[in-house]
Amino acid sequence: PGETFEFTLTGTSVGQSPLEPIPVVIDGTPDSKVVVRDLIPRNTTFNTVTREGVSQALYHTYGTPLHQYTSVAPADPADVDAIAFAYDIMSPTFSFEVSFRVRVNDNAAGDIPNTATTYFSDAGIEDTADSNPVTVTLPGGTTLRARSVPGTVVAPNQRVWLKVGNAVTFPS
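Read on for a plain summary of the structure. (Residues numbered from 1 in each chain as written. Predicted model: local features only at pLDDT ≥ 70, side-chain atom pairs only at ≥ 80, totals over all residues. Heavy atoms only, no water.)

### Some points on the overall build of the chain
Here comes step 1: Scanning the chain for helices and strands turns up 0 helices and 14 strands.
Here comes step 2: When the helices and strands of the chain are placed in sequence order, the string is β-β-β-β-β-β-β-β-β-β-β-β-β-β.
Here comes step 3: Every one of the 172 residues in the chain was classed for burial, and the buried ones make up 42%.
Here comes step 4: Within the chain, counting contacts between residues at least 6 apart in sequence, those at least 24 apart form 72% of the total. (Helix = DSSP H or I, 4+ residues; strand = E, 2+ residues; numbered from the N terminus. Buried < 20%, exposed > 50% of the residue type's maximum accessible area, 1.4 Å probe, protein only. Contact = heavy atoms within 4.5 Å.)

Here is the structure:
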């Protein structure tokens, strides 16, 4: 409890056509973006964005509609229930790497699971791609441990648009 750790989300567009944006609202203004979104895991509090690359970091707060964001973090990080990274479009072969930190809540116990989701449009229909799940285990002692489950195996002839990865690091 009280420690911080970092989630790093990586992805590569592997389809033959671009991932198109979906409707979103940013700072009260309608827009269209491809959104890589990660719910802040239970037993943690958002801390900071550590790498946004060419994306626009966005903050989602409790009680707001799914794709309504602000471009500035709220004064109280505990108000953030999801972090998002927005792109105008993801062309074929486009890759990204983004990161954010969370703080372990003082009353945290057990496992902290995490999976990111990318929201995009395919031929005008909203679709999603999930990252591999990552779990941080809070042991009885003071050392955090992490484990990652490999991403989903794709069956032959199944359409794949985006491969998304999720990893955890512990700052020294």
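### Digging into the pairing of strand β10 (residues 116-122)
Here comes step 1: The buried fraction of β10 is high, at 7 of 7 residues.
Here comes step 2: By the alternation rule, side chains of β10 split into Ala116, Thr118, Phe120 and Asp122 and Thr117, Tyr119 and Ser121, which are all buried.
Here comes step 3: Where strand β3 (residues 29-39) lies against β10, 4 bridges are found, and the strand directions are antiparallel. Paired with Val35 across the bridge in β10 is Tyr119.
Here comes step 4: Sheet topology places β10 next to strand β11 (residues 125-130); 6 bridges connect them, and they run antiparallel. Of the residues in β11, the one forming a bridge with Thr118 is Ala129. (Pairing = 2+ DSSP bridges.)

### What about the pairing of strand β8 (residues 95-104)?
Here comes step 1: As judged from the 9 bridges shared by strand β1 (residues 4-13) and β8, these two strands associate in the antiparallel manner. Within β8, the position partnered with Gly11 by the bridge is Phe96.
Here comes step 2: By the bridge criterion, 6 bridges tie strand β4 (residues 44-51) to β8 in an arrangement that is antiparallel. Bridging from a neighbouring strand, Thr48 pairs with Arg101 of β8.

### Some points on unusual backbone geometry
Here comes step 1: Look at Asp27: it is not a glycine, yet its phi comes out positive at around 55 degrees.
Here comes step 2: Here Asp27 is to be found in the loop between β2 (22-26) and β3.
Here comes step 3: Here Thr93, not a glycine, exhibits a phi torsion of approximately 75 degrees, which is positive.
Here comes step 4: As for its position among the elements, Thr93 is in the loop between β7 (80-87) and β8.
Here comes step 5: Here Thr93 falls in the exposed class, since its relative accessible area comes to 65%.

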